[in-house]
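Single-letter residue listing:
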Amino acid sequence: MTARTVDQLDTDVVICGSGVAGLATACALGRLGLDVVLVEKRRQQPHIAKGEVLQPGSLRILQGWEVLHRLESRQAVRLNRLVAREADGDELATMDFGTLGGNRSWMLSHDYSTILECTGEALGETVRLRRGVLANELIRDAGGRVAGVRVSEGGREYEIRARLVVAADGMSSRLRRMAGMSADPVAYGHRLLSFELADVPVAPDEVSAYVTRRGLVMIYPLPHERTRVYVQVAPDELRRADAARLEHWCAELVADVPALAPFAHLFKEALDRRQLLQVWRYRALSLVRPGIALVGEAAHGVHPLTAQGMNTAIGDAHTLAVHLAGTAPGATAAVDEALRGYENERLSRIRDIHVMSHNAARMMTSTSRVGRMLGRRLLSGTGRSARLRYLTTFNMSGLGMRPLTGFDRLVQLGVLPDPKARSFVPSH
Ligand SMILES: Cc1cc2nc3c(=O)[nH]c(=O)nc-3n(C[C@H](O)[C@H](O)[C@H](O)COP(=O)(O)OP(=O)(O)OC[C@H]3O[C@@H](n4cnc5c(N)ncnc54)[C@H](O)[C@@H]3O)c2cc1C
């Protein structure tokens, strides 16, 4: 057996995982003056297409953390609306973010890696980021309270003792499992093919979601004249496809969604660099135990269609900081009280986001005849009512949540008329 040195670090908070959830939490808690150690198992952040669209609620929070101006100065793109369209381009429902009123009533797109970079630049002086450090297990005190983590770094093991451990270690969170909390991910029956295309003529400020017989096709602009395209595929659709099969697949796709025709040739080239992503939904039924809190995908996962995962992670970080503000870092009982406040506030919001995202996914990704018919009906019912369009936009925005009622569902289905379908004026 190789000899190992065990030494120890001591801090107020140790955060495990430096994706958006971990970095956002480090930023928020650093601003409270807390001593934070942020550990990340990877030495470098891989370039993956995920977490690109920020909602207005997150923009407010990021402004407070001095992250937003960094994104804006790197040419983040303003997206004013999300439009659900028929495959041929006809509009089903438009969520116009301008109707939200107030400052920054738009979404913003940028690469996940740039969002992480900008958040990383805003970490205060009390935050130390250590890469290449794997959190292995939880340390507990004599009373069973979580009191830190045991980590390994380059073959060396040591302990990081802390009054609070934050699990930001993503979907298959090891710390969540060790703390005795569970979240059972359910995979959607489809995958998303992701393309990044350059110099493509698309609406400059729109997220377009095409509801097609093959499911969802989503398009939005990224900075520097790039465009993100997601295409829903069946799990085995392109497995072992040769060049001729790929060519045929592209031709069919463009025939289904004519908006793709002007850049069909780019698809063929980009197919070699395609990323195939599996999508999940789940939520943990509890977010805290004494001494530990879950944030981000350690706690919840939703279909990417409504751009909620990263935004919910930012909301988690903000809410945790609000509850910890004013808590003496050494006072573990007060920290645990703050954690209960975090859980009480956040669990219901996460549940509502989960329901909203899953309903939207069902409306837009169904490929069965009945599912597609119902999805279109619900979308066009939403599109016909100014009140429902506003409500849907508001719920996506992260500025608050007013879940749809049974009456709203009947209006969406066209069973009941909406008295405010045309006359609705939002009160800001
Ligand atoms: C295709 C796609 C598109 C999406 N688009 C959007 C969007 O537009 N808007 C939106 O809001 N959301 C979007 N999402 C969701 C969003 O990307 C995720 O919710 C978000 O990235 C989750 O961040 P996280 O920090 O919780 O997890 P992760 O990004 O998975 O980060 C977890 C980190 O923890 C580290 N780690 C894991 N285990 C350990 C350990 N034991 N010790 C140390 N480190 C560890 C990992 O290396 C990783 O860096 C999208 C998702 C997908 C798949």
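Residues numbered from 1 in each chain as written. Predicted model: local features only at pLDDT ≥ 70, side-chain atom pairs only at ≥ 80, totals over all residues.

A. Just the site of the ligand, in detail. Taken together, 34 residues are adjacent to the ligand, and Gly-17, Gly-19, Gly-51, Gly-296 and Gly-309 come closest. Listing elements by their share of the shell around the ligand, those giving two or more residues are α1 (20-30), β2 (36-40), β9 (134-140), β12 (186-198) and α8 (309-324). Here the element with the most residues in the shell around the ligand is α8; it accounts for four residues. The residue inventory of the shell around the ligand, partitioned by class, reads 15 nonpolar, eleven polar and eight charged. Residues from two domains meet in the shell around the ligand; each of domain 1 (6-74 + 110-183 + 284-359) and domain 2 (188-279) gives at least three. (Near = placed C-beta within 6 Å. Helix = DSSP H or I, 4+ residues; strand = E, 2+ residues; numbered from the N terminus. Nonpolar A, V, L, I, M, F, W, Y, C, P; charged D, E, K, R; others polar. Domains from an automatic or database assignment.)

B. Representation of the nonpolar core. Val-14, Val-165, Ala-209, Ala-293 and Val-295 are the most contacted members of the largest nonpolar core, which totals 119 residues. Every residue in contact with Ala-209, bar those within four places of it in the chain, is listed here: Leu-82, Val-83, Ala-84, Arg-85, Leu-216, Met-218, Leu-305 and Met-364. (Core = buried A, V, L, I, M, F, W, Y, C linked by C-beta atoms within 7 Å. Buried ≥ 20, exposed ≤ 12 C-beta atoms within 10 Å, placed from the backbone. Contact = placed C-beta atoms within 7 Å.)

C. Seen up close, the packing of α1 against helix α4 (residues 112-121). Taken N-terminus to C-terminus, the directions of α1 and α4 make an angle of 20°; their axes are 9 Å apart at the nearest point. Considering the angle they form, α1 stands roughly parallel to α4. For α1 against α4, the interelement crossing comes out left-handed. Across the interface between the two elements, Val-20, Leu-23, Ala-24 and Cys-27 of α1 pack against Ile-115, Leu-116, Thr-119 and Gly-120 of α4. A per-class count over the contact of α1 with α4 returns six nonpolar, two polar and no charged. (Axes fitted to C-alpha atoms, helices over the stretch in contact; angles between N-to-C directions. Parallel < 35°, antiparallel > 145°, perpendicular 65-115°, else oblique. Left-handed = near helix turned anticlockwise from the far one by under 90°.)

D. Broad picture of the environment of Val-20. Structurally, Val-20 is set in helix α1. The exposure class assigned to Val-20 is buried, which follows from the 26 C-beta atoms found within 10 Å. Once residues within four sequence positions are removed from consideration, Val-20 is found in contact with Gly-51, Ile-115, Leu-116, Thr-119, Gly-296, Met-310, Ala-313 and Ile-314.

E. Main features of the sheet that holds strand β19 (residues 300-301). The strand order across the open sheet formed by eight strands is β6-β5-β13-β14-β15-β12-β16-β19, and the pairing between neighbours is mixed. In this open sheet, the two strands that pair with only one neighbour each are β6 (91-96) and β19. In this structure, strand β16 (residues 275-283) lies alongside β19, joined through two bridges in antiparallel fashion. The residue bridging Arg-283 from the neighbouring strand is His-300, located in β19. Contacts from helix α9 (residues 332-365) reach β5 (81-86), β12, β13 (206-212), β14 (215-222), β15 (226-233), β16 and β19, with the element oriented near 135° to β16. The strands that helix α10 (residues 369-384) touches are β5, β6 and β13; relative to β6, the one it contacts most, it runs at about 50°. (Pairing = 2+ DSSP bridges.)

F. Just the domain arrangement of the chain, in detail. According to the domain assignment, the chain contains domain 1 (6-74 + 110-183 + 284-359), domain 2 (188-279) and domain 3 (365-413). Grouping the amino acids of the side of domain 2 that touches domain 3 by side-chain chemistry returns two nonpolar, three polar and two charged.

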